[in-house]
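Summary of the model geometry
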Amino acid sequence: MERHSPLTLDQILTQLASVLGHKQTGTFYIATDNNTSCRFAVNAGKLTHCTHHRDQGEAALRSLLETQGGSCSFSENQLIRFRAEAAIEHQASLGRLGIQPIMPVRPKVLRLPVNTPRPQAVAAAPVLTGVNNHFYRGGS
């Protein structure tokens, strides 16, 4: 796992919300400042499982919220096995964590009114034939 500068728990949860908003699939890892680890299974932008330290499922969410921060990373398309006890309900987990998926910003498309003249294509520079081009090369 890559080394990152310490983040607050709010910053880590914002990163998780971004992964959810982009509807990614994979495993979201957190290394807490308490020297514990947390893992979330994410499937198409939905939280499906969570483990933290020795806790699983809803208990893992509660114990994660007791931490102050740490570092995080996301491994796209890396799916690891979780026990059935680690299953969490997506909407309830968002409420417990106090986050909402952060949807990606879509660029606005500029639409011209129907009667607006379209810009003309720039004509290519004419090619001069029969002209003797000499280039100065810095000598005498």
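So, a few notes on the structure that sits alongside this text. As the structure is a computational prediction, the values presented were derived from the model and not from experiment.

1. Structural notes on the pairing of strand 6 (residues 69-76)
For strand 1 (residues 7-8) and strand 6, the ladder comprises two bridges, and the chain directions are antiparallel. Across the sheet, Leu-7 pairs through a bridge with Gly-70, a residue of strand 6. Judged from the seven bridges that link them, strand 2 (residues 26-32) and strand 6 form a sheet pairing that is antiparallel. If you follow Phe-28 over to strand 6, its bridge partner there is Phe-74.

2. Focus on the nonpolar core
Most often, soluble globular proteins have nonpolar side chains that are buried together. Residues Leu-16, Phe-28, Ile-30, Phe-40, Leu-47, Leu-97 and Ile-99 are the most contacted members of the largest nonpolar core, which totals 22 residues. Of all the secondary structure elements, the ones that give two or more residues to this core are helix 1 (9-21), strand 2, strand 3 (37-43), strand 4 (46-52), helix 2 (58-64) and helix 3 (90-97). If you tally residues by element for this core, the top one is helix 1, at seven residues.

3. A short note on helix 3
The set of residues buried in helix 3 consists of His-90, Ser-93, Leu-94 and Leu-97. End-on view of helix 3: buried residues confined to an arc of 105°, all on one side of the axis. At its buried positions, helix 3 is contacted by helix 1, strand 3, strand 4 and helix 2. The N-cap residue of helix 3 is Glu-89: its side-chain oxygen and the backbone nitrogen of Gln-91 are 3.3 Å apart. Following helix 3 by one or two positions, Gly-98 has its phi on the positive side, about 75°.

The rules we used
- Residues numbered from 1 in each chain as written.
- Predicted model: local features only at pLDDT ≥ 70, side-chain atom pairs only at ≥ 80, totals over all residues.
- Heavy atoms only, no water.
- Pairing = 2+ DSSP bridges.
- Helix = DSSP H or I, 4+ residues; strand = E, 2+ residues; numbered from the N terminus.
- Core = buried A, V, L, I, M, F, W, Y, C linked by side-chain atoms within 4.5 Å.
- Buried < 20%, exposed > 50% of the residue type's maximum accessible area, 1.4 Å probe, protein only.
- Arc of directions from axis to C-beta.
- Contact = heavy atoms within 4.5 Å.
- Polar contact = N/O pair within 3.5 Å; in protein donor to acceptor, adjacent residues only side chain to side chain.

Spatial relationships are all this shows, so hold off on functional conclusions.
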